[in-house]
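# Structure assessment
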Amino acid sequence: MSRTTHKTLHRDLSAVAAALADAGAQAEAGALVDLVGLEERVAALCAAVEALPGNEGQALLAELEAIIRALDGLAATLTSQRAQLDGEETHSARQRAATVYGRPAPSPIPLPPPSDQDEG
C-alpha cells in the first residue's frame with residue numbers, strides 16, 4: 001500500500017468516526033442530526049479498505065472499529081429517542097381523541113381502585 005493511500009484512508013476513516021461521534025452527542029442533546037450520505041461514504045471507505053492488497057487493511061482496523069463504536073452509540077441514542085417519541089405520541093393521540101369526544105384523557109398510569117375504607 002502506498003503511504004499516501006494509507007494516510008488518506010486513515011484520515012477519511014477518522015473523520016467519519018469523529019463526525020459520527022459528534023452526531024451522537026448532538027442527538028443526545030436533542031438536536032436533529034443530518035445523516036444524508038453517511039451510508040454511501042462508509043460503504044466507499046470500506047470498499048477502499050477491502051480493495052487493499054493482502055492484509056494491508058489490517059493497519060486500519062482501529063479506525064474501522066472506531067466507526068463501529070460510533071455507529072453503535074448513535075443507533076442506541078436514536079433508538080432511545082424514537083421510543084420516547086412514540087410514547088409521547090401515543091399519550092398525545094389519546095388526549096386529542098378525548099378532546100374530540102368530550103371526555104377527559106385517560107391517565108397514562110393506572111390508578112389503584114378505591115378501597116372500601118374511603119366510604120366510611
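### Here's the deal with the confidence of the model for the protein
- This prediction gives the protein a mean pLDDT of 81; 71% of its residues lie at or above 70.
- No element of the protein has a lower mean pLDDT than helix 3 (residues 61–100), at 81, and none a higher one than helix 2 (residues 38–50), at 92.

### Examining helix 2
- With 13 residues, helix 2 should cover 18 Å at 1.5 Å per step; its first-to-last C-alpha distance of 18 Å lies within 8% of that length.
- For helix 2, the set of buried residues is Val-42, Leu-45 and Val-49. Projected down its long axis, helix 2 carries its buried residues within an arc of 65 degrees, all on one side. For helix 2, the exposed residues set more than 90 degrees away from the buried face come down to Glu-39, Glu-40 and Glu-50.

### Regarding the environment of Ile-67
- Its place among the elements puts Ile-67 in helix 3.
- When the C-alpha atoms of Ile-67 and Ala-19 are compared, they prove to be 9.4 Å apart, with 48 residues separating the residues in sequence.
- Excluding its chain neighbours within four sequence positions, the residues that come into contact with Ile-67 are Leu-13, Val-16, Ala-17 and Leu-20.

### Quick word on the environment of Asp-34
- Within the secondary structure layout, Asp-34 lies in the loop between helix 1 (3–28) and helix 2.
- Each C-alpha atom of the pair Asp-34 and Ala-23 lies 7.9 Å from the other, and the pair is 11 residues apart in sequence.

### Some remarks on the pattern of salt bridges
- Scanning all chains against the criterion turns up two salt bridges.
- Two residues, Arg-11 and Asp-12, come together in a salt bridge whose shortest N-O distance is 3.1 Å.
- Among the salt bridges present, the one from Asp-12 reaches Arg-41, with a minimum N-O distance of 3.2 Å. Of the two residues, Asp-12 is situated in helix 1 and Arg-41 in helix 2; the sequence distance between them amounts to 29 residues.
- The exposure class of Arg-41 is partly exposed, given its relative accessible area of 37%.
- Through salt bridges with shared partners, a single ionic network connects Arg-11, Asp-12 and Arg-41.

About the cut-offs
Residues numbered from 1 in each chain as written. Predicted model: local features only at pLDDT ≥ 70, side-chain atom pairs only at ≥ 80, totals over all residues. Heavy atoms only, no water. pLDDT = per-residue confidence, 0-100. Helix = DSSP H or I, 4+ residues; strand = E, 2+ residues; numbered from the N terminus. Expected span 1.5 Å × (residues − 1). Buried < 20%, exposed > 50% of the residue type's maximum accessible area, 1.4 Å probe, protein only. Arc of directions from axis to C-beta. Contact = heavy atoms within 4.5 Å. Salt bridge = Lys/Arg side-chain N within 4 Å of Asp/Glu carboxyl O.

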